[in-house]
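# Close look at the chain arrangement
Residues per chain are reported as follows:
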Amino acid sequence: MQILPSGQQPASGLALAPFRGLRYAQNRVSGLAEVTSPPYDVIAQDAAAQLRAADPHNVVRLILPRHDAGNPGDAYTDASQLFRDWQDQGILLPDPRPALYVYEQAVRGGEEVIQRGLIGALRLVPLGAGPVLPHEDVIPGPVAGRRQLMEATGANLEPIFLLYDGADGAASRLVAHVAGSRPPLVTVDTDDGIEHRLWALDDPAEHGVVAADLASRQALIADGHHRYAAYLQLQARKRSGREGPGPWDAGLALLVDSQAFPPHIGAIHRVICGLSAPDAAERAKAAFTVRPLPARLADDASGLLDLLREAGGVAFVVAGSGEAHLLTDPDPVQAEAAMPERSARWRALPASVMQELLLGRLWGIRDDENSVQVYHDARRALRAAGRPPGGTAVLCQPLTTADVRAVAAHGERVPRKSTSFAPKPRTGLVLRSFAYG
């Protein structure tokens, strides 16, 4: 996956360093499936409650800490104390030697490997023309929150997810060899039918093989833009203070060869509270062809997504208040007027049309965390739109990998929260504490 345009190569490539991972002591918890979780930003409130109930040491208590307003401090200091307590109690233990970790996700039973990559401490570089390229914009609130959590705990609690073109390189061959010939450190079956396996590479010679292979490569951030931005914020704060260089010059990351394991990209849907679906559909008629859908489909997420796929092109479903409408054929003149300083490539993205034309120009709504809720699951989006005081769900089609690569290759970024790469790494299998380098 060559990201930069021809002739523009990064000054230096990727660097993925070994570290002493913190891992759960399996004899101190009910099970690794019960103490690990999905990434923080895809966990709904009800799912977070289920994870907390699964085991008192579930990692969600660290990545999504809750604070009792009657106690001193805040949620981040609570997470910091809990993190220290779990280490003091032997719940989390450091591995004896620095390692890179081979991480595999497979269909339960191991017959089909879905994804396999390397977890390590990724050297931080400024975003832009360097070896680590973004494709999505970030918003300040979540970045600050993730940075505060890392600063309080002195740790990277979950990896970001990057894709690179391994081109049958030495690192990819090593990863495949390790997974095919060595027993894993841990095997975890989660309730989504995925089997997770982890191996530790603690041989310095193998670290050298990886370093040499990655030194000329570049990677695209698939998932974790806010966390990477938080990595950079924390690094800047540390370097401007007394600490100077240190373990904050790297961040926990999973690096996957996209040639060996092509990613799947899912859509991220919107919910606008306080805007009724009938009003939303009526206002959309100013720039879209709007077709009312049968009432029986209003709560049928699968049926609505099927209609979107059949429509093709730039299309959306707006639903709520017991009705749904299909929006197609956006007016190109109005779309260009809504995005006057953007490239034709960027204006053609469905996510751009949704953000700038539908939400911004027609509905007068800024697509940010204060005005708009985001959902990776269409069913949850429809349910949220139906809760009092009511609202409108906007169901979208996913961007293609080609869309994302083309935008990133020309130094642009897709609108915020418009891609959901999968499968996402499981949080809690290995953590990185600054105390261990």
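Counting starts from 1 at the beginning of each chain's written sequence and moves along it residue by residue. Per-residue local features are limited, in this predicted model, to residues with pLDDT of at least 70; the limit for side-chain atom pairs, both in listing and counting, is 80 or more; totals at the level of whole chains, interfaces and linings are taken over all residues. Values reported for side chains reflect all heavy atoms of the structure, with hydrogen atoms and water molecules removed beforehand.

### Considerations on the overall build of the chain
For the record, the criterion: A run of DSSP states H or I qualifies as a helix once it reaches four residues; a run of E qualifies as a strand once it reaches two. Both are numbered from the N-terminal end. Only C-alpha atoms enter the radius of gyration, while the globule expectation follows 2.2 Å times N to the 0.38, with N the number of residues. Burial classes follow relative accessibility: with a 1.4 Å probe on protein chains only, a residue under 20% of its type's maximum area counts as buried, one over 50% as exposed, and anything between as partly exposed. The contact criterion used is simple: two residues touch if any of their non-hydrogen atoms lie within 4.5 Å. Only the protein chains shown count as cover for residues, and all accessible areas are computed by the Shrake-Rupley method using a 1.4 Å probe. Residues scored as charged are limited to Lys and Arg (positive) and Asp and Glu (negative), so that His and the chain ends carry no count. A single reference atom marks each charge: NZ on Lys, CZ on Arg, CG on Asp, CD on Glu.
Per the secondary structure count, the chain includes 15 helices and 21 strands. A compact globule built from 437 residues should have a C-alpha radius of gyration of about 22 Å, and the chain, at 22 Å, falls within 12% of that. Summarising its shape, the C-alpha atoms of the chain cover approximately 65 × 55 × 50 Å along the three principal directions. Within the chain, buried positions represent 54% of all 437 residues. Contacts in the chain between residues at least 24 apart in sequence constitute 79% of all its contacts with a sequence separation of at least 6. Surface summary for the chain: the accessible area is close to 18,200 Å², and the carbon and sulfur share equals 50%. Side-chain charges in the chain split into 44 positive and 49 negative, and the spacing between the mean points of these groups amounts to 3 Å.

### With respect to the packing of helix 5 (residues 140-153) against helix 8 (residues 225-240)
As a reminder, the rule being used: Every axis corresponds to a line fitted to the C-alpha atoms, with the helix fit spanning only the stretch in contact, and the corresponding angles, defined between N-to-C directions, vary from 0 to 180 degrees. Geometric relationships in this document are graded by angle, where less than 35 degrees denotes roughly parallel, more than 145 denotes roughly antiparallel, 65 to 115 denotes roughly perpendicular, and other angles denote oblique. The hand of a helix crossing depends on one turn: near helix anticlockwise from the far one by less than a right angle means left-handed, and clockwise means right-handed. Note on residue categories: nonpolar means Ala, Val, Leu, Ile, Met, Phe, Trp, Tyr, Cys or Pro, charged means Asp, Glu, Lys or Arg, and polar means any other residue, Gly included.
Viewed as axis vectors pointing N to C, helix 5 and helix 8 meet at an angle of 55 degrees, and their least axial separation amounts to 8 Å. Taken as axis vectors, helix 5 and helix 8 run oblique relative to one another. Helix 8 is crossed by helix 5, and the crossing has right-handed handedness. Contacts between helix 5 and helix 8 involve Pro142, Val143, Ala144, Arg146, Arg147, Met150 and Glu151 from the first element and His226, Arg227, Ala229, Ala230, Tyr231, Gln233, Leu234 and Arg237 from the second. Considering only residue class, the contact of helix 5 with helix 8 consists of eight nonpolar, two polar and five charged.

### Some thoughts on helix 13 (residues 350-362)
Let me state the cut-off plainly: Helix span, as expected, comes to 1.5 Å for every residue beyond the first.
For helix 13, which comprises 13 residues, the first-to-last C-alpha distance of 15 Å sits more than 12% below the rise-based estimate of 18 Å (1.5 Å per residue). Gly364, located one to two residues past helix 13, shows a positive phi value of around 65 degrees.

### Some points on the side chain of Asn156
The line we're drawing: Pairs of N or O atoms are called polar contacts if they sit within 3.5 Å, as long as, within protein, a hydrogen donor faces a hydrogen acceptor (for residues adjacent in sequence, only side-chain-to-side-chain pairs).
As for its position among the elements, Asn156 is in strand 7 (residues 155-156). The buried category is assigned to Asn156, whose relative accessible area is 2%. A polar contact of 3.1 Å, which involves the side chain of Asn156, links it to the backbone nitrogen of Leu252. A distance of 2.7 Å separates a polar atom in the side chain of Asn156 from a polar atom in the side chain of Arg432. When residues no more than four places from it in sequence are discounted, the contact partners of Asn156 are Met150, Tyr231, Ala250, Gly251, Leu252, Leu431, Arg432 and Phe434.

### Some points on the pairing of strand 11 (residues 219-223)
Stated formally: Here, a strand pair is defined by DSSP locating no fewer than two bridges between the strands.
Counting buried residues along strand 11, five of its five residues qualify, which places the element largely inside the surrounding structure. With two bridges joining them, strand 6 (residues 132-133) and strand 11 adopt parallel strand pairing. Residue pairing for strand 11: Val132 is matched across the bridge by Ala219. With four bridges connecting them, strand 8 (residues 160-164) and strand 11 associate as antiparallel partners. By the bridge assignment for strand 11, Leu163 is matched with Leu220.

### Quick notes on the nonpolar core
Short version of the rule: Here the nonpolar core consists of buried residues drawn from Ala, Val, Leu, Ile, Met, Phe, Trp, Tyr and Cys, with membership extended through side-chain atoms lying within 4.5 Å.
Counting 112 residues, the largest nonpolar core has Phe288, Phe316, Leu358 and Trp363 as its most contacted members. Per element, the largest residue contribution to this core is seven residues, and it comes from helix 13. When near neighbours in sequence (up to four residues on either side) are disregarded, Phe288 contacts Phe316, Leu327, Thr328, Asp329, Pro330, Val353, Leu357, Leu358 and Leu362. Listed in part, the 20 residues of the second largest apolar core include Val271, Ala319, Ala381 and Leu382.

### Considerations on the environment of Arg291
Secondary-structure assignment places Arg291 in strand 15 (residues 289-293). C-alpha separation for the pair Arg291 and Gly360, spaced 69 residues apart in sequence, amounts to 21 Å. Every residue in contact with Arg291, bar those within four places of it in the chain, is listed here: Ala324, His325 and Leu326.

### Considering the pairing of strand 12 (residues 250-257)
Burial within strand 12 is extensive, with eight of its eight residues counted as buried. Neither face of strand 12 is left uncovered, since the one carrying Ala250, Leu252, Leu254 and Val256 and the one carrying Gly251, Ala253, Leu255 and Asp257 both have all their residues buried.

### Regarding the packing of aromatic side chains
Under the convention used in this document: Classification of ring pairs uses Phe, Tyr and Trp, with its six-membered ring standing for Trp, and accepts pairs whose centres are within 6.5 Å; under 30 degrees between planes counts as stacked, over 60 as edge-to-face, and the remaining range as tilted. For a ring to carry a charge above it, either NZ of a lysine or CZ of an arginine must fall within 6 Å of the ring centroid while also lying within 35 degrees of the normal to the ring plane.
For the coordinates displayed, the defined rule picks out five aromatic pairs. Their ring planes at 50 degrees and their centres at 6.4 Å tell us that Tyr24 and Trp86 sit as a pair that is tilted. A residue pair is termed long-range when its members are at least 10 positions apart, and Tyr24 in strand 2 (residues 22-24) and Trp86 in helix 4 (residues 75-88) qualify at 62 residues. The burial state of Tyr24 is the same as that of Trp86; both residues are buried. Positioned above the aromatic ring of Trp346, the side-chain terminus of Arg342 is 3.9 Å from the ring centre.

### Observations concerning the pattern of salt bridges
The following threshold applies: Salt bridge criterion: a side-chain nitrogen from Lys or Arg within 4 Å of a carboxyl oxygen from Asp or Glu.
In the structure shown here, the tally under the stated rule is 23 salt bridges. Close ionic contact of Arg146 with Glu158 constitutes a salt bridge, the shortest N to O distance being 3.9 Å. Note that Arg146 is positioned in helix 5 and Glu158 in the loop between strand 7 and strand 8, a separation of twelve residues in sequence. No difference in accessibility class separates Arg146 from Glu158, as the two residues are buried. Two residues, Arg270 and Asp367, come together in a salt bridge whose shortest N-O distance is 2.9 Å. Linking Arg270 in strand 14 (residues 269-273) with Asp367 in the loop between helix 13 and strand 18 (373-375), this pair joins segments that are 97 residues apart in sequence. Assessed through its relative accessible area of 1%, Arg270 is described here as buried. Here the salt bridges do not stand alone but share partners, grouping Glu104, Arg116, Glu195 and Arg197 into one network.

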